[in-house]
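Notes for the structure review
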Amino acid sequence: MLTALYIHIPFCDKVCTYCDFHKEIASLNKQEKYIISLIKELELHKNEYQDLLTVYIGGGTPSSLPINLLRDLFECITSLIDVSALKEFTIETNPNDITIEVAQLFKEYRINRVSIGVQTFNETHLLFLGRTHSKKDVLTAIDNLLKCDINNISVDMIFSLINQTLEELNEDINLVVNLPIKHISYYSLILEEKTKLHYLFDQNKISMNTEDLEAIMYNRVIDKLVENGFYHYEISNFSKPGYESKHNLIYWQNKQYLGLGSGSHSLYKGKRFSNIRNVRKYSEGFSKDGYSQKEEYEVEPLREELIMGLRLMNGINITHINNKYNIDLLNMYPEINDFVSQKLLKLENDQLCFTREGLMLGNIVFSVF
Ligand code: SF4
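Residues numbered from 1 in each chain as written. Predicted model: local features only at pLDDT ≥ 70, side-chain atom pairs only at ≥ 80, totals over all residues. Heavy atoms only, no water.

Turning our eyes to something else, we now look at the overall build of the chain. The helix and strand tally for the chain stands at 16 helices and 15 strands. Its C-alpha atoms give the chain a radius of gyration of 21 Å, near enough to 21 Å, the size a compact globule of 369 residues would have. When its C-alpha atoms are laid out on the principal axes, the chain stretches across 55 × 50 × 45 Å. Here the chain holds 369 residues, and the buried ones make up 53% of them. Considering only contacts in the chain between residues 6 or more positions apart, those separated by 24 or more positions represent 68%. When the accessible area of the chain is evaluated, it comes to approximately 17300 Å², of which 49% is carbon and sulfur surface. Charge-centre separation for the chain: the mean point of 38 positive side chains lies 4 Å from the mean point of 49 negative side chains. (Helix = DSSP H or I, 4+ residues; strand = E, 2+ residues; numbered from the N terminus. Rg over C-alpha atoms; globule rule 2.2 N^0.38 Å. Buried < 20%, exposed > 50% of the residue type's maximum accessible area, 1.4 Å probe, protein only. Contact = heavy atoms within 4.5 Å. Areas by Shrake-Rupley, 256 points an atom, 1.4 Å probe, with all protein chains shown as cover. Lys, Arg positive; Asp, Glu negative; His and termini not counted. Charge placed at Lys NZ, Arg CZ, Asp CG, Glu CD.)

Below you can see the structure in the form of structure tokens.
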């Protein structure tokens, strides 16, 4: 049963220094061709949407599309999918894209959750990250959404920025917890290959924070968000009660989803596959053959389920895993008991999950699977 649909928009107005997502700055013509192809791909699957619970339009920056292309896309989605039956219909945005017209458009097409890329409120860090918005843009964006009665708002934040002090982190946290929002994703800055950040690092122009400082900052984020009423439900995600990301929970619970658009991934009908990660080739596929070639790939299902499941704060159920895979997990991975003794993992009532200390050393645990 297909309950989650992901739609990828691989365009941004500007490329951020740290970002390795599939995105590009494209001409209007290229964006138009892409949306035409995406609509064709949406139509190809029109008989598979009847059980959908969540639709997530991500990127890139979907809100960077011109308003007429956004409207074309939303028109197609609402003609094929009963959006009134969706539990969650999310779009990713940049703060400076959310004008009152755009917020009204979201409302008109029943988008009920908006995720905003904020990252930090600090002007110097925003500039270094290559972001194009200011703190004021964030406040205006949220205000515009609330005026249109869209109150399920999530923001993405980053900690452990280059040269970020604990005081600066505190300022960010104090601002974000006081926003009228329901959800916060708070990730540490990662040095990704083929980014400007990596180039600067290789040139010895910047240095990343030490693991110790990163751990202090991560603990600070968790403590402050929880203190302020945000429930910590996934390694990097926090929500007001009942506002967990329903779409992302489907990924973390290793359930089926279909991805559409260039570079999107799917877990569907027992297979994992991806669309070609090239906007031009993706669009050409639809104009030449009427479809885009999908590439199948293998993952080890048990490994995937353990790693995804342990990302959730309530972890995995041992009996469920044992029955599903016909294994004895604790026998198969005796290291789990070692991690429990070292207080990195906690095993209670058949439920295995990270301790606070273990969260800081997640990679050591994951490397065993
Ligand atoms: S706006 Fe988002 S997707 Fe685009 S470059 Fe920046 S971080 Fe990456």
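From this point, the narrative continues.
Now for the pairing of strand β7 (residues 231-234). In the sheet, β7 pairs with strand β8 (residues 237-239) via three bridges, with the strands oriented antiparallel. Residue Tyr231 lies in a different strand from β8, and its bridge partner there is Ser239. (Pairing = 2+ DSSP bridges.)

Let us look at the packing of aromatic side chains. Within this structure, the stated rule accounts for 13 aromatic pairs. Both rings, one in Phe74 and one in Tyr109, keep their centres 5.6 Å apart while their planes meet at 50 degrees; by these two values the pair is tilted. Of this pair, Phe74 sits in helix α2 (residues 67-80) while Tyr109 sits in the loop between α3 (100-108) and β4 (113-119), and the two are 35 residues apart along the sequence. Of the two residues, Phe74 and Tyr109, neither departs from the other in class, the shared state being buried. Judged by centre distance (6.0 Å) and plane angle (70 degrees), the rings of Tyr233 and Trp252 are edge-to-face. Of the two residues, Tyr233 is situated in strand β7 and Trp252 in helix α9 (residues 246-252); the sequence distance between them amounts to 19 residues. Each member of the pair, Tyr233 together with Trp252, is buried. These aromatic residues form a ring-pair network of at least three members: Phe11, Tyr34, Tyr282 and Phe286. A cation over a ring is seen here: Lys182 above Tyr243, with NZ or CZ 5.1 Å from the ring centre. (Phe/Tyr/Trp six-rings, centres within 6.5 Å; stacked < 30°, edge-to-face > 60°. Lys NZ or Arg CZ within 6 Å of the ring centre and 35° of its normal.)

This part is about the layout of surface pockets. The volume enclosed by the second largest pocket comes to roughly 230 Å³. The wall of the second largest pocket is formed by Asn254, Gln256, Leu267, Gly270, Lys271, Arg272, Glu296, Tyr297, Glu298, Val299, Pro301 and Glu304. Considered class by class, the residues forming the lining of the second largest pocket number four nonpolar, three polar and five charged. (1 Å grid on protein atoms, 1.4 Å probe; cavity = no way out; pocket = protein on both sides within 12 Å on 5 of 7 lines; lining within 4 Å. Points joined across faces, edges and corners; volume = space filled by probe spheres on them. Nonpolar A, V, L, I, M, F, W, Y, C, P; charged D, E, K, R; others polar.)

The next point concerns the domain arrangement of the chain. Put simply, an interface is often sized by how much accessible area is lost when its parts join up. Splitting the chain by domain gives domain 1 (4-252) and domain 2 (316-366). Centre-to-centre, using C-alpha coordinates, domain 1 lies 31 Å away from domain 2. Of the residues lining the interface, seven residues belong to domain 1; the matching set on domain 2 comes to five residues. In terms of surface lost to domain 2, no three residues of domain 1 exceed Tyr218, Asn219 and Ile235, which account for 63% of the buried area on that side. For the side of domain 1 that touches domain 2, the element with the highest residue contribution is helix α8 (residues 211-227), accounting for five residues. (Domains from an automatic or database assignment. Buried area = accessible area lost by both parts, 1.4 Å probe.)

This paragraph deals with helix α12 (residues 318-325). Within α12 the residues assigned to the buried category are Ile318, Ile321 and Asn322. When α12 is viewed along its axis, its buried side chains cluster within an angular range of 100 degrees and face the same direction. Its buried side turned inward, α12 meets α11 (301-311), β13 (316-317), α13 (329-332), β14 (345-348) and β15 (351-354). For α12, the capping residue at the N-terminal end is Asn317, with a side-chain oxygen 3.2 Å from the backbone nitrogen of Thr319. Positive backbone phi, approximately 55 degrees, marks Asn326, located one or two places after α12. (Arc of directions from axis to C-beta. Polar contact = N/O pair within 3.5 Å; in protein donor to acceptor, adjacent residues only side chain to side chain.)

In this section: the pairing of β14. The pairing of β14 with β15 spans four bridges and is antiparallel. Paired with Leu345 across the bridge in β15 is Phe354. Count of turn residues in the β14/β15 antiparallel hairpin: two residues, of which Asn349 carries a positive phi of about 50 degrees.

Among the secondary structure elements, Asn237 is positioned in strand β8. A residue is classified by how much of its surface remains accessible, and Asn237, at 1% relative accessible area, is buried. Polar side-chain contacts of Asn237 include one of 3.5 Å to the side chain of Tyr187.

A separate point is the sheet that holds β4. Across the sheet, which stays open at both edges, the nine strands sit in the order β7-β8-β6-β5-β4-β3-β2-β1-β9 with mixed pairing between neighbours. Looking at which strands have only one partner, the edges of the open sheet turn out to be β7 and β9 (258-260). On average, adjacent strands in this sheet sit at an angle of 20 degrees to one another, irrespective of strand direction. When strand β1 (residues 4-9) meets β9, the two strands line up parallel, connected through three bridges. Within β9, the residue paired with Ile7 across the bridge is Leu260. Contacting β4 and β5 (153-159), helix α5 (residues 135-147) crosses the sheet at an angle of about 175 degrees to β4. (Axes fitted to C-alpha atoms, helices over the stretch in contact; angles between N-to-C directions.)

Another point: the sheet that holds β15. Overall, antiparallel pairing links the three strands, which are arranged β13-β15-β14 in an open sheet. On the outer flanks of this sheet lie β13 and β14, each paired with one strand and no other. Bridging between β13 and β15 involves two bridges; their strand directions are antiparallel. Its bridge partner lying in β15, Asn317 is registered against Gln351.

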